[in-house]
Amino acid sequence: MADLELPTANSAPECAEDGVWLACIECGAVHAPYEGPVYTCPDCDSLLEVRYDSYPTFDDFSGRGVWRYAAALPFDEGVSLPEGDTPLHRVPRLEADVGVRNLRIKHEGMNPTGSFKDRGMTVGVRVAQELGVDRLACASTGNTSAALAAYGGRADLETLVLLPAGKVAAGKVAQAALHGARILEVDGNFDACLDRVQDLADRGEAYLLNSLNPFRLEGQKTIGFEILEGFYADEGRFPDRVVLPVGNAGNTAALYKCFRELVRGGDLAPGDVPKLTGVQAEGAAPMVEAIEEDLDDTRRWEEVETRATAIRIGNPVNAPKALPGIRETGGTAVAVSDEAITRAQRDLAEEGVGVEPASAASVAGLRELRDRGVVDDGEDVVCLTTGHLLKDPEAAAEAGSEPEPVPNDTDAILAHLAGKSVGGGLLGRLRRLL
Ligand SMILES: *Cc1c(COP(=O)(O)O)cnc(C)c1O
Ligand SMILES: [Zn+2]
């Protein structure tokens, strides 16, 4: 096991406030947390990380949801809808089919706006209040905008969201619109939207709440605490592996930070840290490329395409934090086809777990890694499903069964059902193979 320690000493520098400060992951420079908005290192422009003067243990946690983990967060409470406390589903048929000792699904689609982004926003918007900013902004493939619109609305702050025109699933745009964000449709992809919103933030026009903002990741860290606590409560041990879809790699970075903090707090042995395993769509896989070619950072993919719109990202901003997380936990990264993603979306839905395409990538990736023999049949695996089925109703309808027109007549309906009882099942199975 490689170095899982946090890189700087655990004592607060001068600039800390209430035992919280920001540190550069590259040059180690430290910065005051709430003096003004700061997203990247003022000295070298690398990513910043939130640091604390103490590390959490499981005994420090009480209450429910994200704020249960206040001991590992910069504040004790925040603008809450409330978020977190998502289910850790058992999926016995899928578990047997994939062939692992345990397969659990951490369904983040069950958050208030239907994705894990809510966990980051409850903390991020709390920090925005501390800074006293009056306008929030993000670039988004959809879910970040839905979450920011809801939390910004709740906090009574003006909210701007920049979306790639024509590339965002219907449910997500509808949420952002109804929660009262101003939606700016940019003629470009997600990475272009992020470039624009970073410019706006640099010019002081808005407070940036993409996962480049280190406070977002503090909220998302709580997914890791919940997985470890939930799995341990059921099985008396921690899972061997966490498999998750990767877009900007914020979650990968956040889970890694969660694990490192628990190792430093003494409650997680370095040998018990789950292997972080990232999954991308074949058409948008710069992280997989970086892992396979052992790069320090990703190469920007100018053209990206996949049905899994939430992870259609060519320039993952958190790669410098996430790549070490994958490597140092002994994990890996894998790319899957859109067909494999759709199959996994169906597999999950058949066990009652409704997820959007990007979310299903985790299960598709696990299947691929089982086929390759990378994942062992004795492993305890948790797959993260990041967003709810209804986020992308078009994709769900396409992946699901066709409606069957019937006459308005009970006998005719019974005849229809009798006629289709064998053929329908067969046809359904055939259609799935195609
Ligand atoms: C944002 C998002 C992702 C990507 O998460 P990162 O932290 O950017 O890697 C994956 N799935 C869904 C549904 C999302 O909304
Ligand atoms: Zn720096």
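Small disclaimer: the values here were computed from a predicted structure and weren't measured. (Residues numbered from 1 in each chain as written. Chains lettered and ligands numbered in written order. Predicted model: local features only at pLDDT ≥ 70, side-chain atom pairs only at ≥ 80, totals over all residues. Heavy atoms only, no water.)

**Student:** Can you help me understand the packing of aromatic side chains in this one?
**Tutor:** Think of a pair of aromatic rings as described by two things: how far the centres are apart, and how the planes are tilted against each other in angle. In this structure the tally under the stated criterion is nine aromatic pairs. The interplanar angle of 75° and the centroid separation of 4.7 Å between the aromatic rings of Phe61 and Tyr69 together place this pair among those described as edge-to-face. A residue is classified by how much of its surface remains accessible, and Tyr69, at 2% relative accessible area, is buried. Seen from their ring centres, Tyr232 and Phe238 are 5.0 Å apart, and the 40° between their planes marks the pair as tilted. In this structure Phe238 comes out as buried when scored by relative accessible area, which is 15%. (Phe/Tyr/Trp six-rings, centres within 6.5 Å; stacked < 30°, edge-to-face > 60°. Buried < 20%, exposed > 50% of the residue type's maximum accessible area, 1.4 Å probe, protein only.)

**Student:** Is there a simple way to think about the pattern of salt bridges in this case?
**Tutor:** Close approach of charged atoms allows side chains with opposite charge to pair. Inspection of the entire model under this criterion finds 36 salt bridges. A salt bridge links Glu218 to Lys257, with the shortest nitrogen-to-oxygen separation between them at 2.9 Å. Of this pair, Glu218 sits in helix α6 (residues 214-220) while Lys257 sits in helix α8 (residues 250-265); the two residues are 39 residues apart in sequence, bridging distant segments of the chain. Each member of the pair, Glu218 together with Lys257, is buried. The shortest N-O distance in the salt bridge between Glu261 and Lys257 comes to 2.7 Å. Remark: Lys257 and Glu261 occur in helix α8; sequence separation between them is four residues, near one turn of the helix. (Salt bridge = Lys/Arg side-chain N within 4 Å of Asp/Glu carboxyl O. Helix = DSSP H or I, 4+ residues; strand = E, 2+ residues; numbered from the N terminus.)

**Student:** Help me out: how do you make sense of a nonpolar patch on the surface in this one?
**Tutor:** A surface patch of nonpolar side chains, about 330 Å² in accessible area, is lined by Val406, Ile413, Leu414 and Leu417. Take Val406: it is sitting in the loop between α13 (393-399) and α14 (410-433). (Patch = residues over 30% accessible without salt bridge, like charges linked within 9 Å, V, L, I, M, F, W, Y side chains within 5 Å. Areas by Shrake-Rupley, 256 points an atom, 1.4 Å probe, with all protein chains shown as cover.)

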